[in-house]
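Examination of the molecular architecture
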Amino acid sequence: MIKKADLTAYKCRACGHVMYPRHDRCLNCNGREFDKIEPQGKARLLTYTILNELPWGIDERGRVIGIVEFENGVRATGLVLTEEPKVGMKLAATMQPVRVISGIKTYGLAFEPTK
Amino acid sequence: MPFERHEYKSLMDLLAVASLRAMDDAGLGDRPVDAVYVGNMASGLFNHQVSVASALVDRLSLMPATAERIENGPASGGSAIKNGFLAVAAGFADVVLVAGGEKMRGVSGPRSTDIVSAMAQPDVEYIYGVTLPALAGMFARLYMDKFRITPEHLAMVTIKNHNNGALNPYAHIQMIVTLEGILTHPQAKFNNPVVADPLRLYDCCPVSDGAAAVILTTEEIARQLKKPLVKIAGIGQATDTHALQERSDPTDLKAVSCAAERAFAMAGLTPKDVDVAELHDAFTILEIAESEHCGFFEKGEGARALAAGETQITGSLPINPSGGLKARGHPVGATGVAQVVELVWQLRGEAGKRQVKDPEVGFAVNFGGFGNNVVATVVRREG
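Nothing here was measured: the structure is a model prediction, and the numbers come from that model. (Residues numbered from 1 in each chain as written. Chains lettered and ligands numbered in written order. Predicted model: local features only at pLDDT ≥ 70, side-chain atom pairs only at ≥ 80, totals over all residues.)

**Quick look at the overall build of chain B**
Helix and strand content of chain B: 15 helices and 10 strands. Against the 2.2 N^0.38 benchmark of 21 Å for 383 residues, chain B shows a C-alpha radius of gyration of 19 Å, consistent with a compact globule. Judged by the C-alpha coordinates and their principal axes, chain B covers about 60 × 45 × 40 Å. Among the 383 residues that make up chain B, the fraction classed as buried is 61%. Put simply, 77% of the contacts in chain B that link residues at least 6 apart link residues at least 24 apart. (Helix = DSSP H or I, 4+ residues; strand = E, 2+ residues; numbered from the N terminus. Rg over C-alpha atoms; globule rule 2.2 N^0.38 Å. Buried ≥ 20, exposed ≤ 12 C-beta atoms within 10 Å, placed from the backbone. Contact = placed C-beta atoms within 7 Å.)

**Looking at the interface of chain B and chain A**
Each side of the interface is counted separately: chain B has 29 residues, and chain A has 29 residues. Those elements that provide at least two residues to the side of chain B that touches chain A are α5 (109–117), α6 (132–147) and β4 (194–196) of chain B. The biggest single contributor to the side of chain B that touches chain A is α6 of chain B, with 6 residues. Looking at side-chain class alone, the side of chain B that touches chain A contains 15 nonpolar, 7 polar and 7 charged residues. (Nonpolar A, V, L, I, M, F, W, Y, C, P; charged D, E, K, R; others polar.)

**Digging into the sheet that holds strand β1 (residues 35–39) of chain B**
Residue and element names in this part refer to chain B. Pairing in this open sheet of 4 strands is mixed, and the strands run β2-β1-β3-β6 from one edge to the other. Two strands lie at the open edges of the sheet, namely β2 (66–70) and β6 (209–217), each paired on one side alone. This sheet shows a mean twist of 15° between the axes of neighbouring strands, independent of strand direction. The strands touched by helix α15 (residues 332–348) within the sheet are β1, β3 (95–103) and β6, with β3 carrying the most contacts at an inclination of about 125°. (Pairing = 2+ DSSP bridges. Axes fitted to C-alpha atoms, helices over the stretch in contact; angles between N-to-C directions.)

**Description of α15 of chain B**
Residues and elements named next belong to chain B. Here α15 spans 25 Å end to end across 17 residues, near enough to the 24 Å set by a 1.5 Å rise per residue. The buried fraction of α15 amounts to 16 of the 17 residues, a majority that puts the element mostly inside the structure. Count one or two residues on from α15 and you reach glycine 349, which has phi positive near 75°. (Expected span 1.5 Å × (residues − 1).)

**Some thoughts on unusual backbone geometry**
Comment: phi is negative for the bulk of residues other than glycine, and the bulk of peptide bonds are trans. The linkage connecting tyrosine 20 of chain A with the following residue, proline 21 of chain A, adopts the cis geometry, with an omega of 5°. With respect to the secondary-structure elements, proline 21 of chain A resides in the loop between β3 (18–19) and β4 (34–37). Positive phi outside glycine occurs at histidine 48 of chain B, with the angle close to 50°. Of note, histidine 48 of chain B is situated in the loop between α2 (43–46) and α3 (52–60). A positive phi angle, near 55°, is found at serine 51 of chain B, a position not held by glycine. Structurally, the position occupied by serine 51 of chain B is in the loop between α2 and α3. Residue serine 51 of chain B is classed as partly exposed on the basis of its 13 C-beta neighbours within 10 Å.

**A word on the sheet that holds strand β9 (residues 361–368) of chain B**
Residue and element names in this part refer to chain B. Ordered by their spatial adjacency, 4 strands build an open sheet running β7-β10-β9-β8, and the pairing between neighbours is mixed. The outermost strands of the open sheet, each flanked by one partner alone, are β7 (229–239) and β8 (276–278). Pairwise comparison of adjacent strand axes, ignoring direction, gives a mean angle of 15° for this sheet. Bridge analysis of β8 against β9 gives 3 bridges, and the strand direction is parallel. Bridging across to β9, alanine 277 finds its partner in phenylalanine 363.

**Description of the nonpolar core**
Val36, Val98, Val214 and Val337 of chain B are the most contacted members of the largest nonpolar core, which has 150 residues in total. If near-sequence neighbours (up to four positions away) are discounted, valine 98 of chain B is found in contact with Tyr37, Ala80, Ile81, Gly84, Ala213, Val214, Leu216 and Val337 of chain B. (Core = buried A, V, L, I, M, F, W, Y, C linked by C-beta atoms within 7 Å.)

**Considerations on the environment of arginine 44 of chain A**
Relative to the assigned elements, arginine 44 of chain A resides in strand β5 (residues 43–51). Residues arginine 44 of chain A and isoleucine 2 of chain A, 42 residues apart in the sequence, show an inter-C-alpha distance of 20 Å.

**A short note on the confidence of the model for chain B**
Taken as a whole, chain B shows an average pLDDT of 97; of its residues, 100% reach a score of 70 or greater. Here the prediction assigns the complex a pTM of 0.97, and the interface score ipTM is 0.97. (pLDDT = per-residue confidence, 0-100.)

**Re the pairing of β1 of chain B**
Residue and element names in this part refer to chain B. In terms of burial, β1 is largely enclosed, as 5 of its 5 residues are buried. Across 5 bridges, β1 lies against β2 in parallel orientation. Bridging across to β2, glycine 39 finds its partner in isoleucine 70.

**Thoughts on the packing of helix α4 (residues 76–89) of chain B against α15 of chain B**
Residue and element names in this part refer to chain B. Put simply, α4 and α15 touch, their axes get as near as 5 Å, and they point 60° apart. The orientation of α4 relative to α15 falls into the category oblique. Residues Ser76, Gly77, Gly78, Ala80 and Ile81 of α4 touch α15, and the partners they reach there are Val332, Gly333, Ala334, Thr335, Gly336, Val337, Ala338 and Val340. Looking at the contact of α4 with α15 residue by residue, the class counts come to 7 nonpolar, 6 polar and no charged. (Parallel < 35°, antiparallel > 145°, perpendicular 65-115°, else oblique.)

**Here's the deal with the environment of alanine 222 of chain B**
Residues and elements named next belong to chain B. Inspection of the secondary structure assignment puts alanine 222 in helix α10 (residues 219–224). Sequence separation between alanine 222 and threonine 241 is 19 residues; the distance between their C-alpha atoms is 39 Å. Those residues in contact with alanine 222, other than ones at most four positions away along the chain, are Thr217 and Leu229.

**Re the pairing of β3 of chain B**
Walk down a regular strand and you will see the side chains alternate between the two sheet faces. Residue and element names in this part refer to chain B. With 9 of 9 residues buried, β3 is to be regarded as a mostly interior element. Neither face of β3 is open: one carries Val95, Leu97, Ala99, Gly101 and Lys103, the other Val96, Val98, Gly100 and Glu102, and all of them are buried. As paired strands, β3 and β6 are joined by 9 bridges and run antiparallel to one another. Along β6, the bridge assignment pairs valine 98 with valine 214.

Now the structure itself:
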């Protein structure tokens, strides 16, 4: 099942630094108070790999994994659902099952090409 | 005993053999060992055994020595040496055994990959199937683009380190490879398939079983032992963000630069003083990137120096005369100790066919996680 991406990132109240995942102190200024923010706009692919040797529990080859940046600075790692990834390409975020961990289907970010 | 797939040896067998060799090499005799530090990443997951330092003390009859296992991912060995160094420097112990070891091949390849991947950020990396080669692949794509590094440059690291490993009786892979065989021949892709694009099989270190050990002691006792003296002149360690995505410039290995600067500062030396270096080439791109981040070459100059032969055993700065992780192998907890063992052999002139000409200062960098916890060590021959 494909779900809407519901990623929560954190913006430091003191300095505005954007973090994902959450930290207990700001990576930039050590502040401890954060506002929850959602990623805005499209995601841009910063880098990727095509992984042929996957760990135990993921029975596939050629999984594309990448790091993206949204228009408001939120960065995230996730699956890239194309066989022709290109740095700089625009992507839309979805949530899909990405891995079965201890028998539980785990949802994560999966990015689809968009215009 | 070389790093390889040791089907009939347990982790404890490997650690015990390396430890006895180090004790005998140092000429300890019946002199008591005060403290034991064992660098090991994941014996609980690979071998279903924990408290391995206590077990090693028992195997070697070193009771009542103090004993701890030191875990810092693939830099567990470097961290174990740092802890041994601190114990001697603090006056807590006079004679310290530091052993590093890992037995990774008792589980299947995909299981081993999963265990190693457990060091990735659990919520934002691991769940996607991110492995260490995946992180290295994403890093390599950016680094190669930024500094115009080509697949030919990566293959040069492979070829050099396999040539060196073929001269090292302790190396996991003692086999030379050619540019044709891994890159340029139309069928090279069958020898050298893509693991984590742009990285291929021969860009990645093997998964190995193995152990290495050193004895650390005070200068006073070292002089009584009548072995050529090698001093730990400086140790530096530094950390960086857990997830690669949170580094403002993902091509900047800040922890490597910081650890190296700290080690050189403690030693009162500079990168120019180094005669031989063991860098953490778990992936070929890392040897090039670390050679720059440690200060041996300017950013963007590492590949040029490699291509010019400067990092060959006969070059101006030999890098990985042992064969590096690429050819010596990478039993994760052993690597940081094995790097220092190689430097000691080099500084003593005991490195056989891979001997660098008359080195005085050696340098090692042991890269934990994907560069989020790095240990650098400077060693120096003492007259």
